[in-house]
Structures are given as C-alpha cells and as structure tokens.
Amino acid sequence: MDKAKQRAKLSRRIFLKSSVAIAGSIATGFNTASASTPLKAEKNEPLITLLDISKCIGCEECVYACREANETKYPNPEKPFPKMYPPRVKVEDWSDKRDVTDRLTPYNWLFIQRAEVSVDNEDFELNIPRRCMHCENPPCVKLCPWGALKQEKNGLSRIDSELCLGGSKCKQVCPWDIPQRQTGVGLYLDLLPSFAGNGVMYKCDRCYNRLEKGEIPACIEACPEGVQTIGPKQEILKKAHALAREMNGFIYGENENGGTNTIYVSPVPFDQLNQVIENENGKPHLSKVKNMMKDGTTLAKAMIIAPFAGLFAAFGKSYLASLSSKKENE
Amino acid sequence: MKKTMDFKNWIYGVTLFFITLSGFAQMPVFKRYYIADIPGFGWLAKFYVTHIMHYSFAIILIVFVTYNVFDYFFNRSMTTVKLTKTAYIKIIMIMGLIFSGSLLVLRNLPGVFLSHSTIIALDLIHLGLCMGLLAAVFYSWIKKKEWYD
C-alpha cells in the first residue's frame, strides 16, 4: 500500500478514534486533550503530555503531522556554506536528507523508536515516539549563553531560530542530546560566519503556535491510537500513575532531570527498553537522568548567604579592632 | 596593613581570573579553538563544571565585595582614604556584574520565568560589563593606578 493510501486509511481511523476520544472526554469531564479535542486554557499550571506507549502502533502519523505543522520553521540554508575555522568545525547539513524519519534531525523533530523485548517469557514489540522532553528546569534554556532559547509558562521550551548561533551548547547540556544543528542558516552568517557559530539548532517546540491558539500539538491531534494526552500537570500525573497501576507498568520522565513535562508509561521497565533501543546520535536513550541543574540550584541558594558572610566578617574585624584599641587605651 | 592589602589583592586577582575564565567558558569557544585540548584545560569544555565554577567564584566575589564595602564604613581610618577614578569605574562595573549575574542566577532557578527580552538584555549587559571591567583592570595595571589615592 502506498503512503498516500495508508495515510488516507489512517485519516479515517483518526476520525473514528477522535469521535471516541471526544465522547470519552465529555463523559469523564477531564480537561485533558488527546486527538482532536480542544485544549482548555488552564490556570497557571504547566501543560504536560502523557504517552501510553502500549498503544503506539508505530504508524508515524505523528511524525508526518509534525513535519506538516512545522514545515515553515524548517531551515533553508544558503549554499555554499562559509569556510569555517579552525578546520575541526564540521558542517552539519541535513538539507539534502530531509526525508530521514528514523532519528532526530533539524527536519525531523519527532521519530519512533522501536523496541523488541522479552519480559517473563512475554514478547513485547513497542514503539516509542521520541522528541524533546520539555524539562521543568531545562538546561538547554538556562545555560544558553545568548538567551536564544526560551521556556514558556505552559511548560514548553523552544529555540529562537532568529537568535541561535548554532554553537550546540544546548545539545551538549541536554541529557538526551535532543537539539540538532543545521549549518548555513541563521544569525551567525551576519556576524563572523567563519569564526563563530555554525548554524541554528532545531528541536520540538511542542507546537507553541498551535497552543497559543488553544489547539493541541499536531502529533497529538494526528495520532489514530490516542497515544498522547496533554493537560494540566497534576491531572496528567494522576492519569499516568493510574495508567501505570492499571497495566502494572512503569513511568519515565516524571523524575528524570529533576522532572520533565513529558511522561511515558510502558508495560516494560525502561531500563530494559533502554538496552534494546538504538541509542546513538539523534536517537535518545531511556536511562535514568539525575537533575543536571541541582548543583547550580544548591549554589544559588548559598549565594543568598554570601553578602551576610561578608557583612559578618567586616563587623567581626571592626569589633576585634575596637576591643584591642580599648585595651591599648586602658 | 601591607600584608592585608597583598592578601586582598591576591584573593581579588584569583577570583577575577577564574570567574572571567569560567564565564567565557559558558560560550562554546574553548573546544573549538583547541584551548580545552591543552593538558589540564579540558574542564574548560565541560559546561556543567564551568557553570559550577562560575557560581562558586561568584559566591567568593560577593563575600569579598560586601566585606570590603562594610569594612570601608566600619573602619574609620579608611574613610579618610580617597578612592581613585579607576577604582570608582571598577566598583560600578563589579556592582553591575553582581546585579545582572544575580538576576541570571535567579532566572536559572526552577519555576522562575523572566521575559525573553529581559534575559537577552541581561546576558548582553553581563558580557559588556565583564569586558568593561577587564579593560579597566588592564588600564589600571598598565598605568599603575591603585584603588586609593
């Protein structure tokens, strides 16, 4: 079956599934949204997504919906690329490989990771939609030296392609190496293209422009199986735990890197999935991740004490000096 | 008195050197330009290491600055001493760096949101003040300008 036919068939499925999802949503009264249900504006709570990977059939409908929704944000690099110095700085060009869907690239912000695993004599074939985790305290946003990344109150983080210089620091500090670089595009071309910067970094922005309009991200809307749900944090977390209990499953993303706004629920432990998935550049792992910003946060708290320590030291010195001058006068 | 000044200058010099180095290391340049390849300098390309170093030396700088400011007021003999023009310039730069840096530290805490334009402005102000302070330090060094007249 060709792709168009397959997608058309899937679209009919989307309609049927969406109808069921809307009916379910009305019946349960949840404020969460999955395929084709509008997202209600919520109080000041971040929106998080729940991915029930036991439901994912790996059809890549979400991948193509992501591409369609974000096509205008993709890079159109100018060629030939400027010669870069020193020679160790390599060109990263995905513009001729735009069709790649089996990993993250500047033109593919979501891909399906496949896992075949056997647990207690039961075989599982799981498909895991992978993209940016949208961390609660995202190192990519917080550590960008130019402020080219931003985090929004609704829990998403995104790269401003007008400002990014493509230094790739965000990728290096990301525990999952999510952002991907395209050379030959962006602000660096107008500065010192040969000596600083190397393009623009790209990653999932959780369809911020759709969310602004009250719509749900394209990948969630397009999913024929209702794998993803988006909603207010506490509500989604409750749902995730209920789902994990129901399937006797496991949760990933709730505590990783101090907490993320993407929660995976799987019937198979994530450390076992991590052993069987392809884990290389552009294909993120599923290992446990410590809170990368924790040490900085601890030191930031210590910084509050610092001025008092200085004041105390100066006062102590002055007090001791006055005591010794008193003794001298006596 | 001289020994105290020498010790203070030493702390100031070491703090300024490492806080500047770890600050510049926030930009991905040391690896690109082979500096991190020099044996013993590999840590310059480790962003979490330089981040922690920058914070640690910021704490030392804040303690040092507040100590000196309060010591200036508590120690009566010091109030008769007049600060030089370059000292005033350096003090303004350091205060600006501490203020902008504190806001950036605040921004890095979980759940704290500053507007995107504020963050960009703070990043640029912080970098500009650092360059200004370095220029003032080198000028004082070359022209042998002291903190006090």
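Structure report, in brief. (Residues numbered from 1 in each chain as written. Chains lettered and ligands numbered in written order. Predicted model: local features only at pLDDT ≥ 70, side-chain atom pairs only at ≥ 80, totals over all residues.)

## Concerning the environment of Asn 121 of chain A
Then, in step 1: Relative to the helices and strands, Asn 121 of chain A is located in the loop between strand E2 (111-119) and strand E3 (122-130).
Then, in step 2: When the C-alpha positions of Asn 121 of chain A and Asn 248 of chain A are compared, they lie 16 Å apart, and in sequence the two are 127 residues distant. (Helix = DSSP H or I, 4+ residues; strand = E, 2+ residues; numbered from the N terminus.)

## Digging into the environment of Ala 115 of chain A
Residue and element names in this part refer to chain A.
Then, in step 1: Structurally, Ala 115 is set in strand E2.
Then, in step 2: Residue class for Ala 115 comes out buried when judged on the 21 C-beta atoms lying within 10 Å of it.
Then, in step 3: Residues Ala 115 and Asn 127, 12 residues apart in the sequence, show an inter-C-alpha distance of 6.3 Å. (Buried ≥ 20, exposed ≤ 12 C-beta atoms within 10 Å, placed from the backbone.)

## Remarks on the sheet that holds strand E10 (residues 262-266) of chain A
All names here are of chain A.
Then, in step 1: The four strands are arranged E8-E1-E10-E9 in an open sheet whose pairing can be described as mixed. The open sheet has two free edges, formed respectively by strand E8 (228-232) and strand E9 (250-252), since each of these has just one partner strand. The average angle at which neighbouring strand axes cross in this sheet is 25 degrees, direction not considered.
Then, in step 2: Direction of pairing for strand E1 (residues 47-52) relative to E10: parallel, over a ladder of four bridges. Note on E10: the bridge partner recorded for Leu 50 is Ile 263. (Pairing = 2+ DSSP bridges. Axes fitted to C-alpha atoms, helices over the stretch in contact; angles between N-to-C directions.)

## Section: the pairing of E2 of chain A
Residue and element names in this part refer to chain A.
Then, in step 1: As judged from the nine bridges shared by E2 and E3, these two strands associate in the antiparallel manner. If you follow Val 117 over to E3, its bridge partner there is Phe 124.
Then, in step 2: Hairpin connection, E2 to E3: the antiparallel pair is bridged by two residues, and Asp 120 has positive phi, about 50 degrees.

## Some details on the pairing of E10 of chain A
Residues and elements named next belong to chain A.
Then, in step 1: Burial runs high along E10: five of the five residues are buried.
Then, in step 2: The pairing of E9 with E10 spans three bridges and is antiparallel. Residue pairing in the sheet places Tyr 252 in a bridge with Tyr 264 of E10.

## With respect to the packing of helix H4 (residues 85-107) of chain B against helix H5 (residues 116-142) of chain B
Residues and elements named next belong to chain B.
Then, in step 1: At a closest axis distance of 9 Å, the pairing of H4 and H5 adopts a crossing angle of 150 degrees. The angle between H4 and H5 falls in the class roughly antiparallel. Handedness of the crossing formed by H4 with H5: left-handed. Residue-level contacts link Thr 86, Ile 89, Lys 90, Met 93, Ile 94, Gly 96, Leu 97, Ser 100, Gly 101, Leu 103, Leu 104 and Arg 107 of H4 to Ile 119, Leu 122, Ile 125, His 126, Leu 129, Cys 130, Gly 132, Leu 133, Ala 136, Val 137, Tyr 139 and Ser 140 of H5.
Then, in step 2: The residue makeup of the contact of H4 with H5, split by class, is 15 nonpolar, seven polar and two charged. (Parallel < 35°, antiparallel > 145°, perpendicular 65-115°, else oblique. Left-handed = near helix turned anticlockwise from the far one by under 90°. Contact = placed C-beta atoms within 7 Å. Nonpolar A, V, L, I, M, F, W, Y, C, P; charged D, E, K, R; others polar.)

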